[in-house]
Amino acid sequence: MASIKSAAHVPRGLLSSKGLHVGSGGPNLSHGFSRTSRLASRFPIRASCQFSTSECVPIPWLRRPGVTPQTVGASKRSFANSTEPTVPEEPKEPEEPEEPEASAESAETVEPSEEAESTKPAESAEPAAEPAAEPAETAETVEPSEEAESTELAAPAEPAKPEIEKESYISLEPTDTIHIVRTTRKPYIFDRHWLRDSCSCPLCVDPDSGQKRFGTCDVPTDLPIVKASISADRRGFDIVWGNDFLSKGDHTSYYDFNQVLTGVAPDMGRPLPSWVLWDKAIMERDRLTIDYDEWMAGGSEFVSGVHRLHTHGLVFLRNVPLSDDSVVSIANQIGNIQETLYGRTWDVRSKPNAENVAYTNSFLGLHQDLLYTASPPRIQILHCLENSCDGGESLFSDGSRASSLLRIANNNYAQHLASRPIRYEYVKNGHMYQNYRNVMDKESTSIFWSPPFQSSSQLMFPIKSYHSFYRKWLQAATKFRDLIEDEQWVYQYKMQPGECVLFDNMRILHGRKQFNTATGSRHLKGTYIAKDVFMSKLRSLSPQFRDLMHHPVGTVLEQAKKFNEEYKIWDEVRDTEVLRKIETEFSKPKHLKYPRNQSIAKFGKAERKTQADNKTQVDNKKQPGDVTYRKVRGPGMYIKKKKSEARPEAKGEAVPPGIDSKDETIS
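So, here is what we can say about the structure in this document.

Parameters at a glance
Residues numbered from 1 in each chain as written. Predicted model: local features only at pLDDT ≥ 70, side-chain atom pairs only at ≥ 80, totals over all residues. Heavy atoms only, no water. Phe/Tyr/Trp six-rings, centres within 6.5 Å; stacked < 30°, edge-to-face > 60°. Helix = DSSP H or I, 4+ residues; strand = E, 2+ residues; numbered from the N terminus. Buried < 20%, exposed > 50% of the residue type's maximum accessible area, 1.4 Å probe, protein only. Pairing = 2+ DSSP bridges. Axes fitted to C-alpha atoms, helices over the stretch in contact; angles between N-to-C directions. Disulfide = S-S within 2.5 Å. Contact = heavy atoms within 4.5 Å. Parallel < 35°, antiparallel > 145°, perpendicular 65-115°, else oblique. Nonpolar A, V, L, I, M, F, W, Y, C, P; charged D, E, K, R; others polar. Salt bridge = Lys/Arg side-chain N within 4 Å of Asp/Glu carboxyl O.

**Concerning the packing of aromatic side chains**
Step number 1: Across all of its chains, the model carries 24 aromatic pairs by this definition.
Step number 2: Measuring from centroid to centroid gives 6.2 Å for Tyr188 and Phe257, while their planes differ by 40 degrees, and the two rings are tilted. You can see Tyr188 sitting in strand 6 (residues 188-191) and its partner Phe257 sitting in helix 3 (residues 257-262), a full 69 residues away along the chain.
Step number 3: Both rings, one in Tyr372 and one in Tyr433, keep their centres 6.3 Å apart while their planes meet at 50 degrees; by these two values the pair is tilted. With Tyr372 in the loop between strand 13 (364-367) and strand 14 (379-387) and Tyr433 in strand 18 (residues 431-437), this pair connects stretches of sequence that are 61 residues apart.
Step number 4: By relative accessible area, which is 2% here, Tyr372 ends up buried.

Listed below in C-alpha cells is the structure:
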C-alpha cells in the first residue's frame, strides 16, 4: 500500500506543505477532536436539532441503549457490503473493521415473492399477439461502456422501455389485484386501488395545472374491472374501470410499464450525463468560459454552460457588467435565488471584525459553504468586481474525485469517513445553526468537508474502543485532505474584474489564498441557488444535452481507477465487478434503494426492534464479576449494576477515566 502520512501529526494550514498559498491561517484538522470530555448533555446521544429544524442525522455508535466496557470486537464487513440497500439494523457500537475481503455481494433487485400459477386467461383478459422482447424486472441502470481513450463526456442514454412477452396475459383474480402473468418470469402484481389512483388521464389530472383532481383516500376499495388488455406495442396495458367513482360510468386508464415499475414519470426519468472527474491538468484543458451575453440569451451556449456545470461542476463567464445586480441576472437564468442568513446576495471583501473568515484577507482553506444548515446551497456564484491586490487567487478541487479514489481502495478509509458525524456550527450576530454530517455517505457520492466551520466541540467517548476508532478515522481524513489539496489536484485561478465563476457547492471544494490589502482591494459579489432549482433546470434541458457531441468516459469509479494508474495512489484496488455493483447502487433513486418485496416486512421488524432497544436494558455479554452500566433516561446517564469482584478495574475499561467508581450514579 502506498505510504500514508501519519495521522498523529496534521500540519497547520490546509495547504501549508504544498506551497499553494501565501500565508497560512487555516484551522488544524485535528483541533477539538482529541479532547476528552465527560459525558454530558453538551454531547447529545443523537444529532441535536437545538438550532436547526432539519431531520437529525443519527450517530450510529450512539444508538445502543447501553455502553459496554468491553472492547468492541473486530468485524469483517467490507465497505462494498455497507453500500448495499439495507433496512435499519440493530444499533451497534463503533467497530474496528479489518481489511476488507476481495469481493462483496451485490445489491440485487429481488423479484416479487408471491408466485402465481399460470392459469388460463380470464374472460375479461385479452392477450395480444405481437412478438416482443422480454422486459427487465425493474428499471435497470445502463451498463457502463468500454473505456475510451478520450476523456470527453458521455452522452446520456435513452431510458429503457420494457416490453412484455407475447404469451403474457392479465388475470383479474383475486378481486383486489391484477396479475400480469408472464411465461418465463414471475408475474407482475399490482394493487387495483394503487392503479386507479395512478391514472394520469385528463379527467384525473388537470391538463392546465398538472394537479390531481382527487385524493388517494377518495378512491374506493371496491373497484370492478370491465376489461383489461395489454397494449399492442407490449409497453403498457389498458384497464376499463366499471361504475367509476369519478366519471360515474366506465373509465379507461392506460399504464406504461416503465412508469408503473419505476414510479417515475417519463419526463422526470430522463438520464443525465455522467460526471467527469478532474485534476488540475484536466480542468486546464476542459475549462469552459462563456460570454455573459450568450449566457443571458439562453441559447446553445447557455445549454453548454449548464451542461458543463453539471459534468465538471465548474464554469466561468466573462464580460460581465460591473454591477451589483449582474450576479442576480446570472442566477435567474437557472432559477430562483436561495436566500440564506447572509441575504439574497452578499459581498466578499476584507473588513474589520468580520463575522465570517471569508470576509478577511486571510488564507481560506478548501471547503464547502453552509454545512451547518439543513439544506446547503447546490450552486454558488461569485462575480469579481475588483481584484487589484497581490494574492487572492481562487482555489478549486474536485471532492467527488477524492471520494471516488477512496472508494476504489482496498481498505476501510471510506467506511471510516462514512461513520463519524462532524458537528458544524455558526453562532454569531444572533444566529445559532448547527448540523452533523459525515465526510462521506455510504449510499451516495455526497461529500461534506468544511474544516474552517467545524465546531471545536466534537463528540468524543472516553473509552478505549472509541479512541482506536477515532485514530483510524483521523488517518482516513488526513488521506482525504491530501487527495484534495496536493498540487496536482488543485486548479488555481486569479479572477479579474468582469469575470464570474459558477460551481457545484456540494461537489467542488473552494478556497482562497491570502491577499495583501495594502497593495489594492478585492471585492466579489455572491449568491446561491438551491438543489431543487438546479435539478429542475437540468431535467428541463436534458433533451438538449443529447445534442452535444461527446465521447464516453465511463463511470466515476472507472475514472478513479485511471487516476490511480496515473498517480500510483493505491497498490491494491477493489475488483472491477464489485466497483460496478457499488456504482449501480449509487445511481438508483432513493425510492428504489430497497428491494420491493422485502422492504415492508424488514422495516416493520426493524421498527419493533428499535422500539425495544430504546427501552431501558441491561447490556448483554456480561461475565461474572464485570462492572456493567444500565442506561437511564438522559444523554450520558448510567447507573452501576454490579461492583467488580473477579475482574479488577486495573484494565481501565470498567469505569471511564475521571469517574469515581464508588459513585452509584454516573453522569
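Let us keep going from here.
**A few points about the sheet that holds strand 19 (residues 491-493)**
Step number 1: Within the open sheet, the four strands sit side by side as 13-21-16-19. Their pairing is antiparallel. Edge strands, defined here as strands with exactly one partner in the open sheet, are strand 13 and strand 19. Across the sheet, the axes of successive neighbouring strands diverge by a mean angle of 15 degrees, strand direction being ignored.
Step number 2: In terms of strand pairing, strand 16 (residues 394-398) meets strand 21 (residues 508-512) through five bridges, oriented antiparallel. Bridge assignment links Ser394 to a residue of strand 21, and that residue is Arg512.

**A few points about the state of the cysteines**
Step number 1: Scanning the model with the defined rule gives zero disulfides in all.
Step number 2: Here Cys199 is not disulfide-linked; the sulfur of Cys201 is the nearest cysteine sulfur, at 3.5 Å.
Step number 3: Cys201 provides the cysteine sulfur closest to Cys204, a residue in no disulfide bond, and the two sulfurs are 3.6 Å apart.

**What to know about the side chain of Thr373**
Step number 1: Assignment of secondary structure puts Thr373 in the loop between strand 13 and strand 14.
Step number 2: By relative accessible area, which is 11% here, Thr373 ends up buried.
Step number 3: With near-sequence residues (within four places) excluded, Thr373 lies in contact with Tyr433, Asn435 and Arg437.

**Some details on unusual backbone geometry**
Step number 1: For Leu370, which is not glycine, the phi dihedral falls at a positive 60 degrees.
Step number 2: Residue position: Leu370 is located in the loop between strand 13 and strand 14.
Step number 3: For Asn429, which is not glycine, the phi torsion reads 50 degrees and is therefore positive.
Step number 4: Within the secondary structure, Asn429 sits in the loop between strand 17 (422-428) and strand 18.
Step number 5: Overall, the relative accessible area of 58% leaves Asn429 in the exposed class.

**Overview of the pairing of strand 16**
Step number 1: Summarising burial for strand 16: five of the five residues are buried, a large majority.
Step number 2: Every second residue of strand 16 is oriented toward a common face, with Ser394, Phe396 and Asp398 on one face and Leu395 and Ser397 on the other, all of them buried.

**Structural notes on the sheet that holds strand 12 (residues 345-348)**
Remark on secondary structure: sheet strands pair via backbone hydrogen bonds, oriented parallel or antiparallel.
Step number 1: Taken together, six strands build an open sheet; the order of strands is 10-11-20-14-23-12 and the sheet is mixed. Two strands close off the open sheet at either side, each with one partner strand: strand 10 (289-291) and strand 12. Neighbour to neighbour, the strand axes of the sheet diverge by 25 degrees on average, direction disregarded.
Step number 2: The pairing of strand 10 with strand 11 (residues 314-318) spans three bridges and is classified as parallel. Among the inter-strand pairings, Thr289 is bridged to a residue of strand 11, identified as Phe316.
Step number 3: Set on the sheet, helix 6 (residues 300-311) makes contact with strand 10, strand 11, strand 14 and strand 20 (500-504); between it and strand 11 the angle comes to about 145 degrees.

**With respect to the packing of helix 12 (residues 556-567) against helix 13 (residues 576-587)**
Step number 1: Relative orientation of the contacting elements helix 12 and helix 13 amounts to 140 degrees, with a least axis distance of 9 Å. With respect to helix 13, the axis of helix 12 lies oblique. The residues of helix 13 that touch helix 12, namely those facing Val556, Leu557, Glu558 and Lys561, are Thr576, Leu579, Arg580, Ile582 and Glu583.
Step number 2: Among the residues making up the contact of helix 12 with helix 13, the classes are represented as four nonpolar, one polar and four charged.

**Thoughts on the pattern of salt bridges**
Step number 1: In the structure shown here, the tally under the stated rule is 10 salt bridges.
Step number 2: A salt bridge links Asp286 to Arg285; the nearest nitrogen and oxygen atoms lie 2.7 Å apart.
Step number 3: For Asp286, a relative accessible area of 8% translates into the label buried.
Step number 4: Residue class for Arg285 comes out partly exposed when judged on its relative accessible area of 45%.
Step number 5: Here Lys525 and Asp347 are joined by a salt bridge, their closest N and O atoms 3.2 Å apart. A residue pair is termed long-range when its members are at least 10 positions apart, and Lys525 in strand 23 (residues 522-529) and Asp347 in strand 12 qualify at 178 residues.

**What to know about the pairing of strand 8 (residues 236-241)**
Step number 1: Taking burial as the measure, the six residues of strand 8 include five buried ones, the bulk of the element.
Step number 2: With five bridges joining them, strand 7 (residues 225-230) and strand 8 adopt antiparallel strand pairing. The residue of strand 8 that forms the bridge with Ile230 is Phe237.
Step number 3: If you look at the hairpin formed by strand 7 and strand 8, you'll find five residues sitting between the two strands, and Arg234 has a positive phi there, around 65 degrees.
Step number 4: In this sheet, strand 9 (residues 251-256) lies alongside strand 8 in antiparallel orientation, the contact comprising six bridges. Residue pairing across strands places Asp238 opposite Tyr254, the latter belonging to strand 9.

By themselves these figures say nothing about function.
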